[in-house]
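Residues per chain, in single letters:
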Amino acid sequence: MKETQSPRVVIVTGGSGALGRANVSRFLAAGDRVVVPWILKSERDAIEAEEGRALAAGRLVLVEADLAEESGARAAAAALADVEVLVNGVGGFAGGSALHETDLEVWDRMYRLNVRTAVAMSRAVLPGMLARGRGAIVNVASRAAFDAPPGIAAYSASKAAVVTLTETLQREVQARGVRVNAVVPTTIDTPANRAAMPDADFSLWTPPARVAEVIFWLASDAGASVRGALIPV
């Protein structure tokens, strides 16, 4: 795809995971400058190993930050000036137990990883986006928010909250030049998912690069007319 828009500053949270690395690669390939927050050294090492050239060239910036805390989100947002795109991709999964067998700590953890991080990062970047009258936020929801199998109530509820966040935030900012959308993946074809579900039909799963392509399009000029959408991928 030929890129025609000017380079932007993009924050990709969850940038060390399979989908996150695909997102980072896609935006870097378009000439954008990318900020990736990290909290574990293993996450930083994974990104450095894959995108060493961009890091050395200053087009990739790594920031140690706990995005569930306001101070961490602000640090990530301040790493480069004039953030135009935020991809809220950090998250986690927990499941396998019925509701009455699931500890409340699991509910707290799913909310912290999947919802609180997206809220904190959106709060951190929105003042600048609104002041400039432009910006794009893309959240990562899940099909489980709409069609929840048994045993993953905490995860499904947290992703349903991401859906509501997407729709509500778009209504808040729609008249001020900022657009908010979400992708809604089913199962993403990652090594971790293959290991967890070895008997599944992998051909029905979506490769991370294809999800990343949809995220990139939603954040691009080509997707500028799409607002408040929940895109199945």
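**Some thoughts on the pairing of strand 1 (residues 9-12)**
Here strand 1 shows a buried face lined by Val-9 and Ile-11 and a second buried face lined by Val-10 and Val-12. Relative to strand 2 (residues 33-38), strand 1 runs parallel, the two being bridged by three bridges. When the sheet's bridge partners are listed, Val-9 is paired in strand 2 with Arg-33. Handedness of the crossover is the feature at issue here: the chain leaves strand 1, passes through helix 1 (residues 18-29), returns alongside strand 2, and the resulting connection is right-handed. Summarising the sheet, strand 1 and strand 4 (residues 83-88) pair through four bridges and their orientation is parallel. When the bridges of strand 4 are listed, Val-9 appears paired with Val-83.

**Some details on the sheet that holds strand 4**
With respect to topology, seven strands assemble into an open sheet ordered 3-2-1-4-5-6-7, the strand pairing being parallel. The open sheet has two free edges, formed respectively by strand 3 (60-64) and strand 7 (230-232), since each of these has just one partner strand. Pairwise comparison of adjacent strand axes, ignoring direction, gives a mean angle of 20° for this sheet. Both strand 5 (residues 135-140) and strand 6 (residues 178-184) contribute to a ladder of six bridges, which runs parallel. Looking across to strand 6, one finds that Val-140 is bridged to Val-183. The strands that helix 5 (residues 104-132) touches are strand 1, strand 4, strand 5 and strand 6; relative to strand 4, the one it contacts most, it runs at about 160°.

**Quick notes on empty space enclosed by the protein**
For the structure on display, the rule yields one cavity of 30 Å³ or more. One number sums up the size of the largest cavity: a volume of about 40 Å³. In terms of lining, the largest cavity is formed by Asn-88, Gly-89, Val-90, Asn-114, Thr-117, Ala-118, Asn-139, Val-140, Lys-159 and Val-162. Sorting the residues of the lining of the largest cavity by element identifies helix 5, strand 5 and helix 6 (153-173) as the ones contributing at least two each. Tallied by class, the residues present in the lining of the largest cavity amount to four nonpolar, five polar and one charged.

**Quick notes on the pairing of strand 6**
For strand 6, the tally of buried residues reaches seven of seven residues, placing the bulk of the element in the interior. The two faces of strand 6 match: Val-178, Val-180, Ala-182 and Val-184 on one face and Arg-179, Asn-181 and Val-183 on the other face are all buried. What joins strand 5 to strand 6 is helix 6, and the crossover it makes is right-handed. Across three bridges, the pairing between strand 6 and strand 7 is parallel. Residue Ala-182 lies in a different strand from strand 7, and its bridge partner there is Leu-230.

**Things to note about the packing of helix 1 against helix 8 (residues 208-219)**
Interhelical geometry of helix 1 versus helix 8 gives an angle of 50° and a closest axis separation of 8 Å. Accordingly, the angle class assigned to the pair helix 1 and helix 8 is oblique. Read as a crossing pair, helix 1 and helix 8 show a hand that is right-handed. The residues of helix 8 that touch helix 1, namely those facing Ala-18, Leu-19, Ala-22, Asn-23, Arg-26 and Phe-27, are Pro-208, Ala-209, Val-211, Ala-212, Glu-213, Ile-215, Phe-216 and Ala-219.

Basis of the calculations
- Note on numbering: residues in each chain are counted from 1, in written sequence order.
- Reporting of local features is limited, given that this is a predicted model, to residues whose pLDDT is at least 70; pairs of side-chain atoms are given and counted only at 80 or more, and all residues count toward the totals for whole chains, interfaces and linings.
- In computing side-chain properties, one takes all heavy atoms of the structure into account and sets aside hydrogens as well as water.
- For each residue, the accessible area found with a 1.4 Å probe, counting protein chains only, is set against the maximum for its type, and the residue is called buried under 20%, exposed over 50%, and partly exposed in between.
- Runs of E in the DSSP output that reach at least two residues are strands. Runs of H or I that reach at least four are helices, and both are numbered from the N terminus.
- Should DSSP find at least two bridges between two strands, the strands are taken to pair.
- Here a crossover is taken to be right-handed if, once the strands point away from the viewer, the path from the first strand over the helix to the second is traced clockwise.
- The axes used here are C-alpha line fits, helices contributing only the stretch in contact, and every angle between their N-to-C directions lies in the interval 0 to 180 degrees.
- Any pair of residues with heavy atoms lying within 4.5 Å of one another is described as a contacting pair.
- Of the grid points, spaced at 1 Å and generated over the protein atoms alone, those admitting a 1.4 Å probe that cannot get out make up cavities, while open sets with protein on both sides within 12 Å along at least five of seven lines make up pockets; any residue with an atom within 4 Å of a point is treated as lining.
- Grid points are joined across faces, edges and corners, and a volume is the space filled by probe spheres set on the points.
- Note on residue classes: Ala, Val, Leu, Ile, Met, Phe, Trp, Tyr, Cys and Pro are nonpolar, Asp, Glu, Lys and Arg are charged, and everything else, Gly too, is polar.
- Put simply, angles under 35 degrees are roughly parallel, angles over 145 are roughly antiparallel, angles from 65 to 115 are roughly perpendicular, and the rest are oblique.
- Crossings are sorted by hand: turned counterclockwise from the far helix by less than a right angle, the near helix makes the crossing left-handed, and turned clockwise it makes it right-handed.

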